[in-house]
Amino acid sequence: MKDQLEGLVSQMVERGILFDEAVGEFEKRFIKRVLDRANGNQSRAAEVLGIHRNTLSRKIDEYKLDSNGHRRHARSLISGLFLNDNGSLAIPGSRFPIRL
């Protein structure tokens, strides 16, 4: 892993990536990975990261991360659907039914 990190750092330096950009991108991806492993639980993720829950919340906002991932999106889509009398799914405002 150390060799991979060295290679990555070398590539970033060669491409002229600024230090702040590199650190920010690393932090963003690290936080996202920990949030994913904690299933979006910010308290648990903050504990794993070794930072305060408020700090994590601020960084989630800063990096525009969604701590719930796709689950919140899927839930909002499902709640907007309903079944027609003929058994097809309908999306409010849509003229086209979805046949199952």
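Draft legend 1. Focus on the packing of aromatic side chains. Scanning all chains against the criterion turns up one aromatic pair. Their ring planes at 35 degrees and their centres at 5.5 Å tell us that phenylalanine 26 and phenylalanine 30 sit as a pair that is tilted. Here phenylalanine 26 and its partner phenylalanine 30 are both found in helix 2 (residues 19-37), four residues apart, which amounts to about one turn of the helix. Judged by relative accessible area, phenylalanine 26 falls into the exposed class, the value being 52%.

Draft legend 2. Up close: helix 2. The end-to-end C-alpha distance of helix 2, which contains 19 residues, comes to 27 Å, matching closely the 27 Å that a straight helix rising 1.5 Å per residue would cover. Among all positions in helix 2, only Gly24, Ile31, Val34 and Leu35 are buried. Relative to the axis of helix 2, the buried residues are bounded by an arc of 105 degrees and lie together on one face. Across from the buried face of helix 2, at angles greater than 90 degrees, the exposed residues are Phe26, Arg29, Arg33 and Arg37. Taken together, the buried residues of helix 2 touch helix 3 (42-49) and helix 4 (53-62). One or two positions beyond helix 2, positive phi appears at asparagine 39, with a value near 55 degrees.

Draft legend 3. Just the packing of helix 3 against helix 4, in detail. Packing of helix 3 against helix 4 leaves a shortest axis separation of 9 Å and a crossing angle of 105 degrees. Between helix 3 and helix 4, the angle falls in the class roughly perpendicular. Residue-level contacts link Gln42, Ser43, Ala45, Ala46 and Leu49 of helix 3 to Arg53, Leu56, Ser57 and Ile60 of helix 4. Residues belonging to the contact of helix 3 with helix 4 are distributed by class as follows: five nonpolar, three polar and one charged.

Draft legend 4. Structural context of the nonpolar core. Formed by Ile31, Val34, Leu35, Ala38, Ala45, Ala46, Leu56, Ile60, Tyr63 and Leu65, the largest nonpolar core amounts to ten residues. Elements with a contribution of two residues or more to this core: helix 2, helix 3 and helix 4. The greatest single-element share of this core, amounting to three residues, is contributed by helix 2. Setting aside residues no more than four positions away along its own chain, valine 34 makes contact with Ala45, Val48 and Leu49.

About the thresholds
Residues numbered from 1 in each chain as written. Predicted model: local features only at pLDDT ≥ 70, side-chain atom pairs only at ≥ 80, totals over all residues. Heavy atoms only, no water. Phe/Tyr/Trp six-rings, centres within 6.5 Å; stacked < 30°, edge-to-face > 60°. Helix = DSSP H or I, 4+ residues; strand = E, 2+ residues; numbered from the N terminus. Buried < 20%, exposed > 50% of the residue type's maximum accessible area, 1.4 Å probe, protein only. Expected span 1.5 Å × (residues − 1). Arc of directions from axis to C-beta. Contact = heavy atoms within 4.5 Å. Axes fitted to C-alpha atoms, helices over the stretch in contact; angles between N-to-C directions. Parallel < 35°, antiparallel > 145°, perpendicular 65-115°, else oblique. Nonpolar A, V, L, I, M, F, W, Y, C, P; charged D, E, K, R; others polar. Core = buried A, V, L, I, M, F, W, Y, C linked by side-chain atoms within 4.5 Å.

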